[in-house]
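Each chain, written out:
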Amino acid sequence: MKLSTEALARASARHPWRAIAAWLLAMAAAITAVVLLLGNGLTADGYVTNDPDSLEAYEVIRESFPATSDEVELVVARSDELNVDSPAFRTKIEPLHRDLEALPAVADVRSLVDTREPGYVSAGGQAALVQVSLAPGGDEEIDSVIEVVQAAADEQVATTITGDATLDRDFG
């Protein structure tokens, strides 16, 4: 028997189920070979084998600027009656700022109490932002942060909190 594409086509036409079985067997053999021989050969892990300047720069940055928590919660204190510049509003926001700073779950607190940077007061002046950076593992203690925020609310100033840790607590 002469092996050519014509002979293969004729044999496939005479015995179609044998041709289908041969193709299925070939596919099974290919899949088995990939699974057994490739193993962990494919990975998304990549690393540089030499010591380029970029890696040295990353190390200098890491040493110069230690990592802080990526977890940031945002607290909004809002009043329909008071303006953020009024002494009555400040008597509400300053204790909230201090109480949050005192929590072990909190690494840093930024608000209009300690900064005049733009973005901490609303355009109308009736709301103030308090940025709370959680300490490493602080997201596990988010309940204490929420309690302080809720305790700061009264009939003149409403307080709310949002962030990844708060969402994880509420929906996680």
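Residues numbered from 1 in each chain as written. Predicted model: local features only at pLDDT ≥ 70, side-chain atom pairs only at ≥ 80, totals over all residues. Heavy atoms only, no water.

Looking at the sheet that holds strand 4 (residues 158-163)
Phase 1 of the analysis: The strand order across the open sheet formed by four strands is 2-3-1-4, and the pairing between neighbours is antiparallel. Where the open sheet ends on each side, the last strands, each with one partner, are strand 2 (106-110) and strand 4. Direction aside, the axes of adjacent strands within the sheet are offset by 20° on average.
Phase 2 of the analysis: Pairing of strand 1 (residues 72-78) with strand 4 involves six bridges; the strand directions are antiparallel. Bridged to Val75 within strand 4 is Ile161.
Phase 3 of the analysis: Most of the contacts of helix 5 (residues 142-152) go to strand 4, to which it runs at about 155°, and overall it touches strand 1, strand 2, strand 3 (127-134) and strand 4. (Pairing = 2+ DSSP bridges. Helix = DSSP H or I, 4+ residues; strand = E, 2+ residues; numbered from the N terminus. Axes fitted to C-alpha atoms, helices over the stretch in contact; angles between N-to-C directions. Contact = heavy atoms within 4.5 Å.)

Side note on the layout of surface pockets
Phase 1 of the analysis: The calculated volume of the largest pocket comes to roughly 210 Å³.
Phase 2 of the analysis: Around the largest pocket, the lining is made up of eleven residues, and of these Leu8, Ala11, Ser12, Ala19 and Ala22 lie nearest the centre.
Phase 3 of the analysis: For the lining of the largest pocket, the secondary-structure elements that each account for two or more residues are helix 1 (5-14) and helix 2 (16-38).
Phase 4 of the analysis: Taken together, the residues that form the lining of the largest pocket break down as eight nonpolar, two polar and one charged. (1 Å grid on protein atoms, 1.4 Å probe; cavity = no way out; pocket = protein on both sides within 12 Å on 5 of 7 lines; lining within 4 Å. Points joined across faces, edges and corners; volume = space filled by probe spheres on them. Nonpolar A, V, L, I, M, F, W, Y, C, P; charged D, E, K, R; others polar.)

Comments concerning the packing of helix 4 (residues 87-102) against helix 5
Phase 1 of the analysis: Here helix 4 crosses helix 5 at 165°, and the two axes come no closer than 10 Å. As judged from the angle between their axes, helix 4 and helix 5 are roughly antiparallel. Viewed along their axes, helix 4 and helix 5 form a crossing whose handedness is right-handed. Together, Leu96, Asp99 and Leu100 of helix 4 and Val145, Val148, Val149 and Ala152 of helix 5 make up the contact between the two elements.
Phase 2 of the analysis: Taken together, the residues of the contact of helix 4 with helix 5 sort by class into six nonpolar, no polar and one charged. (Parallel < 35°, antiparallel > 145°, perpendicular 65-115°, else oblique. Left-handed = near helix turned anticlockwise from the far one by under 90°.)

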